[in-house]
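Examining the three-dimensional arrangement
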Amino acid sequence: MDRQARMKILAKQFGDMKKNPDMKAFFPDKNNPFIWHVSYKGPKDSPFEGGIYHCEINLKQYPDNPVTLQLLHDNGSYHIHESLCIVGLTQLGGQWTPGTSIETIISSLSILMDVPEGRNGIGYIVQTNKEHIALANAKSQRFVCSKCGVDHMTVFK
Ligand SMILES: [Zn+2]
């Protein structure tokens, strides 16, 4: 697939995500449309509810090949600044399908924060600790990204 076709797909995905009240995408590098930052709400009815988490998603191979993600701040669930293999997300059936939307990827990432046993093979903290999660949750609501400039105090207001 050529660059123009992939750009078109990404533009559509960006438009679709704008309608989702639980996530928002940003461009940390205006010259690189294939690196997105996404802020998303923690899963409901979990210790992560109320938290707002921020990840970098590398879309250079999208949609033909799996994307990689990195969480950019302490979150009590995933390792930070470490590539997470999205194919390992069981929500996605354990294999990459080119039609997988970026929204679905981020939703899976969010839901699986609270389901460590459902995400074999991707980077995560094995022993999650309630106090650690609560602290990371509170801090996440005040997070400001130095790369894309998003401020979690206002991002979903
Ligand atoms: Zn950012």
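Located above this text is the structure these notes cover.
Bear in mind the structure is a predicted one, so any value in this text is a computation, not a measurement.

**Considerations on the pairing of strand β4 (residues 68–71)**
Only one face of β4 is buried, namely the one carrying L69 and L71, since none of T68 and Q70 on the opposite face is buried. In the sheet, strand β3 (residues 52–58) pairs with β4 via four bridges, with the strands oriented antiparallel. Counterpart to I57 in the pairing with β4 is L69.

**Thoughts on the environment of R6**
Checked against the element boundaries, R6 lands in helix α1 (residues 3–18). In this structure R6 comes out as partly exposed when scored by C-beta crowding, with 18 C-beta atoms within 10 Å.

**Topic: the pairing of strand β2 (residues 35–41)**
The buried fraction of β2 amounts to six of the seven residues, a majority that puts the element mostly inside the structure. Bridging between strand β1 (residues 23–26) and β2 involves four bridges; their strand directions are antiparallel. Paired with K24 across the strands is S39, a residue of β2. Across seven bridges, the pairing between β2 and β3 is antiparallel. For V38, the partnering residue across the bridge sits in β3 and is C55.

**Section: the environment of L109**
Tracing the backbone through its elements, the reader meets L109 in helix α2 (residues 102–111). Assessed through the 26 C-beta atoms surrounding it within 10 Å, L109 is described here as buried. Each C-alpha atom of the pair L109 and G42 lies 9.4 Å from the other, and the pair is 67 residues apart in sequence. Non-local contacts of L109, meaning those with residues more than four positions away in its chain, are made with C55 and L69.

Basis of the calculations
- Residues numbered from 1 in each chain as written.
- Predicted model: local features only at pLDDT ≥ 70, side-chain atom pairs only at ≥ 80, totals over all residues.
- Buried ≥ 20, exposed ≤ 12 C-beta atoms within 10 Å, placed from the backbone.
- Helix = DSSP H or I, 4+ residues; strand = E, 2+ residues; numbered from the N terminus.
- Pairing = 2+ DSSP bridges.
- Contact = placed C-beta atoms within 7 Å.

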